[in-house]
Amino acid sequence: MKFLPALCCLIISSAFSQTTLEQDIIDIEPKVIEWRHHFHQNPELSNREFKTAEKIAEHLKSLGFEVQTGVAKTGVVGILKGDLPGKVVALRADIDALPVTERNDLPFKSEVRDTFLGTETGVMHACGHDTHISILMGVAEVFSKHKDKIKGTIKFIFQPAEEGPPPGEEGGASLMVKEGVLENPKVDAIFGLHINSATPVGTIKYKPGGMMAAVERFVVNVKGKQTHGSQPWGGVDPIYISAKIIDGYQSIISRESNLLVEPAVITVGKITSGVRFNIIPESAELIGTVRTLDADMRTKIITRMTEMTETIAKAYGGEATIEFQENTLVTYNDPDLTSQMLPSLEKAAGKDNVKLMKAVTGGEDFSYFQEVVPGLYFYLGGMTPGNTEAFPHHTPDFKIDDNGLILGVKAMTYLALDYLNN
Ligand SMILES: [Zn+2]
Ligand SMILES: [Zn+2]
């Protein structure tokens, strides 16, 4: 009998604190939207996110977090230790904007201009990373009031240069990993999201396994022998060899890749060779990209492209080399972690609003975190309900509805809390 009142209090207090967390998420929405407007109006290019980082660090410090700045140049990491011991979970937001001139008529429209690769340009959060920063700042503030519920540690990773650092510079997720962001304390799992302009507000989309592509840029140099256009037998034609090489690449996709496992793409996007109609030139250059969604397929395709480049050129009397530049790895959602965390996403959005999606052949450098620890990455709806069309990311008319942000806060909060407490 003696236990009864105590048990009763315990139930009341746990119900009460649950409501408080829910209420705190609802209450943070206006702040998250205000932050979003601020960052939208003050965008900064990759590896130049100085003021953005300052504002993030200031916020995390005001919450009493342990804060590291200057991680991978302009990155900020906040660490929140819960009152109870346990695992370590990381939540990631990317923070950079793009050299795009905004065409939207918004009260918080970006008028910022900067120089990118020597050219003056407008700067815009045309991928929606402004929403990612604000959502994660909101999650941080909610958790700062609920340390008592956290079994373990939450690392808040604000990552620069997701769109890629300027040529000749290092940056982004891979540099953060290199600088040890997943160590001290060692991260057990990581979660990340991307707002999506073509997904309705209130919806979450995800895919177990390969969700976004590994992206490589490649450059092929073909060497022939120059001759008169009327006498091809006097030389070696690098343009003809290039055509054979391109043909060979497409056979790797259509004849050698098991497209039932995942799709794959090879595109040659640029060919440079020759000066006029009656000269067979000495060399040709091909530049292109490979997109894969499976790590083994990626390795095989790269190996076969290298073999084909060299042997096809040789077969026609020339020489060729290929160089690959890795931009991202496969954004791979660990299947076990995905099924473990699905209820948290469903709790946040409602079961009917969490949808399976098809893979995307675009890339995302969140993949570098997932290479080291299991991770889950998902899309968050940012399209105004009722709309059926949306301007794509990276365009001057790209638009995100503020009403989509609150679900991001909810989803990230539940993912972190449920991961640590289960
Ligand atoms: Zn982007
Ligand atoms: Zn993006």
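The rules behind the values
- Residues numbered from 1 in each chain as written.
- Chains lettered and ligands numbered in written order.
- Predicted model: local features only at pLDDT ≥ 70, side-chain atom pairs only at ≥ 80, totals over all residues.
- Heavy atoms only, no water.
- Donors = N, O, S within 2.8 Å, 3.2 Å for Na, K, Ca; no water.
- Helix = DSSP H or I, 4+ residues; strand = E, 2+ residues; numbered from the N terminus.
- Buried < 20%, exposed > 50% of the residue type's maximum accessible area, 1.4 Å probe, protein only.
- Contact = heavy atoms within 4.5 Å.
- UniProt positions renumbered as here; feature names shortened; annotations may be inferred.
- Salt bridge = Lys/Arg side-chain N within 4 Å of Asp/Glu carboxyl O.

K.L.:
How do you make sense of the coordination of the zinc ion (ligand 2) when you look at a structure like this?
P.N.:
Tetrahedral coordination by four donors places them ideally at 109.5 degrees to one another around the metal; octahedral coordination by six donors ideally gives 90 or 180 degrees. Protein coordination at the zinc ion (ligand 2): the donors are C127 (SG), H129 (NE2) and H194 (NE2), at 2.1 to 2.4 Å from the metal. Binding-site remark: the zinc ion (ligand 2) is held by donors from one chain whose sequence spacing is C-x1-H-x64-H. Between the zinc ion (ligand 2) and the zinc ion (ligand 1), a separation of 3.1 Å is found, and both are coordinated by C127. Taken together, the residues C127 in the loop between strand 5 (119-122) and helix 3 (129-144) and H194 in strand 7 (residues 189-200) connect sequence positions 67 residues apart. For the pair C127 and H194, one class covers both residues: buried.

K.L.:
Got a minute to help me understand the environment of K55 in this structure?
P.N.:
Within the secondary structure layout, K55 lies in helix 2 (residues 50-62). Sequence separation between K55 and F39 is 16 residues; the distance between their C-alpha atoms is 9.4 Å. Ignoring sequence-local partners within four residues, the contact set of K55 consists of W35, H38 and F39.

K.L.:
Looking at this structure, how should I read the UniProt feature "domain: Peptidase M20 dimerisation" (unreviewed entry) in the protein?
P.N.:
In the UniProt entry, the feature "domain: Peptidase M20 dimerisation" (unreviewed entry) is given for residues 218-316. Secondary structure across residues 218-316 divides into 40% helix and 30% strand, with the first and last C-alpha atoms of the span separated by 22 Å.

K.L.:
Would you explain the pattern of salt bridges in this entry?
P.N.:
When their charged atoms lie close together, side chains carrying opposite charge are able to pair. With the rule as written, the count across this model stands at 17 salt bridges. E141 is paired through a salt bridge with K31; the nearest N and O atoms lie 2.6 Å apart. Residue E141 is located in helix 3, and its partner K31 is located in helix 1 (residues 3-41); the two are separated by 110 residues in the primary sequence. With relative accessibility at 38%, the residue K31 sits in the partly exposed group. Residue R36 is joined to D402 by a salt bridge in which the shortest nitrogen-to-oxygen separation is 2.9 Å. Here D402 lies in the loop between strand 18 (375-383) and helix 9 (405-421) and R36 lies in helix 1, a separation of 366 residues in the sequence. Under the relative-accessibility criterion, D402 is labelled buried at 15%. Counted as one network, the salt bridges with shared partners bring together R92, D94, E364 and D365.

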